[in-house]
Amino acid sequence: MTRYQHLANLLAERIEQGLYRHGEKLPSVRSLSREHGVSISTVQQAYQTLENLQLIIPQPRSGYFIAPRKAQPPVPAMSSPVQRPVEITQWDEVNTLLADHHDKSLIAFGSGAPDVSQPSLKPLWREMSRIVQHNPCDVLGYDELSGRQDLREQIARVMLDSETVIAADDIVITNGCHSAIAIALLAVCKPGDIVAVESPCYYGTMQMLRGFNIKAIEIPTDPDTGISIEALELALEQWPIKGVILVPNCNNPLGFIMPDARKRAVLSLAQRHDIVIFEDDIYGELAREYPRPRTIKSWDIDGRVLLCSSFTKSIAPGLRVGWIVPGRYRDRVLHMKYATSSTSVPAMQMAVTAFIRDGHYHRHVRRMRLIYQHNMETWTCWVRQYFPCDICVTRPQGSFMLWIELPEMVDMVCVAKQLCRLKIQVAPGSLFSASGKYRNCLRINCALPLTEKNREALRQLGEAVSIAME
């Protein structure tokens, strides 16, 4: 973190704690420079950051003052979905959302794309070019079914940060995390089976279950601590559930990191009821704190946790490099991979291997953690400024997804259709439910750049919500 960012964070904390009150004048640039032993330009940059966050207001010839602010919105309450197996709906809406991603004229608040514009990715582009030029036979040939050995070795090293100790031979490379979860489900489940999911749950996972004719049972989920162990246990006692899909680290869409005690508890529950855990760790590397949080897989002793992840969110989605740690299901996973997609693309695997091996990956991830943290704070401040008071907003512990709960009378499905005319795309909360719940919620992608154009679009979104409330 740079000096000005550190100073801005320190001042922001003091403002949040009430040490500076509304309308109070902040110390002058020179006095703050002397107090913290930093340059005047560092203080000016810090104040500029706080101004962008709507925390302070500059007044000509007078200095900086604490800005008037709305109260911090509360966090949404634990969800309360219908706890019975249901067939998943919403495909037409999801298909429309996916089609809109390629419309460059849209402001895509509803997308899940990371920021791929950072200079820390330049070594990857150079490596891709070098590989294509100097390894034509490897690039154009078939890969081994489990993926390149050198890439699996690098992934095993990366996963040590999450205290997940595995060997390269424990890993199977896939075409992204979506493919990893699909293969894992096909290896364990058959049509008509029931799988438990967090509620709300990522719509891509929902549509995967729909495509495989697997029913979902939504389990109440807390925006701070994750899936309700008690509700999951009750569901396991009532229904023949085959497994549970969890995103315990930087959850999509709620942003929580499940505490270690609850991760161990859900694993213990899975052991008692002999079910599988499909663990989606795609956002784990983007946790705000370092070292990054542990995976449930790190406590797995009998191979019932199928850990799925990829470099889609931590590097770029176009790489399509993901993996499974399949545990006891390795043979079935290899068979399902061969049956559905055969081998993976060698060129991208080679490029990612070099990117990690040469130290560029960890530098890039450290940079993105800071950028996403700053973006999340700014977007949250803008939401507080432009949205009505009667809302609830999550407090993500990493990544770049923000979940907003609006009053019950707001139908974001209808609002989303109106916003299309303004070239603004949002993801209504109903997409994240098997039964179409959460119509009064939406998810916002905070990886979008902090431009005036995007800020104005958020203001228009807030205005549309206000009109819907009236």
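Cut-offs used in this document
Per-chain numbering applies: the sequence of each chain, read as written, is numbered from 1 onward. Local features in this predicted model are restricted to residues whose pLDDT is 70 or higher, and side-chain atom pairs enter the listing and the counts only when it is 80 or higher, whereas totals over whole chains, interfaces and linings include all residues. Based on all heavy atoms of the structure, the side-chain values leave hydrogens and waters out of the count. The buried label goes to any residue with under 20% of its type's maximum accessible area, the exposed label to any with over 50%, and the partly exposed label to all in between, with areas taken from a 1.4 Å probe on protein chains only. Secondary structure elements are taken from DSSP: a helix is a run of H or I of four residues or more, a strand is a run of E of two residues or more, and numbering for both begins at the N terminus. This arc is taken over the directions from the axis of the helix to the C-beta atoms. We call two residues in contact when some of their heavy atoms are within 4.5 Å. Identification of polar contacts relies on pairs of N or O atoms within 3.5 Å, with a donor-acceptor requirement for protein atoms, meaning one able to donate a hydrogen and the other able to accept it, and with residues adjacent in sequence counted only if both atoms are side-chain atoms. Between any two strands, at least two bridges found by DSSP are needed for them to pair. Definition of nonpolar core: a set of buried residues of the types Ala, Val, Leu, Ile, Met, Phe, Trp, Tyr and Cys, connected through side-chain atoms within 4.5 Å. We count a salt bridge whenever a side-chain nitrogen from Lys or Arg sits within 4 Å of a carboxyl oxygen from Asp or Glu.

Details of helix 15 (residues 412–420)
Part 1 of the argument: Every buried residue belonging to helix 15 is among Met-412, Val-413, Val-415, Ala-416 and Leu-419, and all of these are buried. Take helix 15 and look down its axis: the buried residues cluster within an arc of 160 degrees, on one side only.
Part 2 of the argument: The inward-facing, buried residues of helix 15 abut strand 14 (424–425), strand 15 (427–428), strand 16 (441–445) and helix 16 (452–469).

Thoughts on the environment of Arg-320
Part 1 of the argument: Its location among the elements puts Arg-320 in the loop between strand 10 (305–310) and strand 11 (322–325).
Part 2 of the argument: For Arg-320 and Val-345, which are 25 residues apart along the polypeptide, the C-alpha to C-alpha distance reads 8.4 Å.
Part 3 of the argument: Every residue in contact with Arg-320, bar those within four places of it in the chain, is listed here: Thr-174, Asn-175, Gly-176 and Thr-312.
Part 4 of the argument: Within the structure, Arg-320 has its side chain in polar contact with the backbone oxygen of Asn-175 (distance 3.4 Å).

As for unusual backbone geometry
Part 1 of the argument: Look at the link from Asn-252 to Pro-253: it is a cis peptide, with omega at 20 degrees.
Part 2 of the argument: In this structure, Pro-253 sits in the loop between strand 8 (241–246) and helix 11 (260–273).
Part 3 of the argument: Cis rather than trans, the peptide bond between Tyr-290 and Pro-291 has omega equal to 5 degrees.
Part 4 of the argument: Inspection of the secondary structure assignment puts Pro-291 in the loop between strand 9 (276–280) and strand 10.
Part 5 of the argument: Residues other than glycine seldom take positive phi values, yet Lys-423 does so here, at roughly 65 degrees.
Part 6 of the argument: Along the chain, the position of Lys-423 falls in the loop between helix 15 and strand 14.

Observations concerning the sheet that holds strand 7 (residues 226–227)
Part 1 of the argument: Strand order in the open sheet formed by eight strands is 4-11-10-9-8-5-6-7, with mixed pairing between adjacent strands. The open sheet terminates on both sides in strands that have one partner only, identified here as strand 4 (172–174) and strand 7.
Part 2 of the argument: Judged from the four bridges that link them, strand 10 and strand 11 form a sheet pairing that is antiparallel. Across the sheet, residue Ser-310 finds its bridge partner in strand 11, namely Gly-322.

Remarks on the nonpolar core
Part 1 of the argument: If you look at the biggest cluster of nonpolar residues, it comprises 72 residues, and the most contacted ones within it are Phe-109, Phe-387, Leu-458 and Leu-461.
Part 2 of the argument: Sort the elements by how many residues they give to this core and helix 8 (residues 177–188) lands first, with nine residues.
Part 3 of the argument: Apart from the residues within four sequence positions on either side, Leu-458 is in contact with Phe-109, Trp-379, Trp-382, Val-383, Tyr-386, Phe-387 and Ile-444.
Part 4 of the argument: Core analysis: the second largest hydrophobic core is formed by 34 residues, Met-258, Trp-299, Trp-403 and Leu-431 among them.

Regarding the side chain of Arg-294
Part 1 of the argument: Of note, Arg-294 is situated in the loop between strand 9 and strand 10.
Part 2 of the argument: Residue Arg-294 is classed as buried on the basis of its relative accessible area, which comes to 19%.
Part 3 of the argument: Engagement of the side chain of Arg-294 in a polar contact is seen with the side chain of Ser-298, the distance being 3.1 Å.
Part 4 of the argument: Excluding residues that lie within four positions of it along the chain, Arg-294 makes contacts with Ser-162, Glu-163, Asn-249, Asp-260, Lys-263 and Trp-299.

Points about the sheet that holds strand 12 (residues 392–393)
Part 1 of the argument: Spatially, 12-13-16-15 is the arrangement adopted by the four strands of the open sheet, whose pairing is antiparallel. Because the sheet does not close on itself, it has two edges, and the strands there are strand 12 and strand 15.
Part 2 of the argument: Across two bridges, strand 12 lies against strand 13 (residues 401–405) in antiparallel orientation. In the sheet register, Cys-392 faces strand 13, and the bridge partner there is Glu-405.

Some words on the pattern of salt bridges
Once the charged atoms of two side chains with opposite charge are near each other, the side chains can pair.
Part 1 of the argument: Tallied over the entire structure, the rule returns 21 salt bridges.
Part 2 of the argument: Linking Asp-302 and Arg-304 is a salt bridge whose minimum nitrogen-to-oxygen distance equals 2.9 Å.
Part 3 of the argument: On the accessibility criterion, Asp-302 (29% relative accessible area) is partly exposed.
Part 4 of the argument: Residue class for Arg-304 comes out buried when judged on its relative accessible area of 5%.
Part 5 of the argument: Across the salt bridge formed by Glu-463 and Arg-459, the nearest N and O atoms sit 3.1 Å from each other. Of this pair, Glu-463 and Arg-459 both sit in helix 16, separated by four residues, roughly a single helical turn.

Remember that the coordinates give geometry; whether it matters functionally is a separate question.
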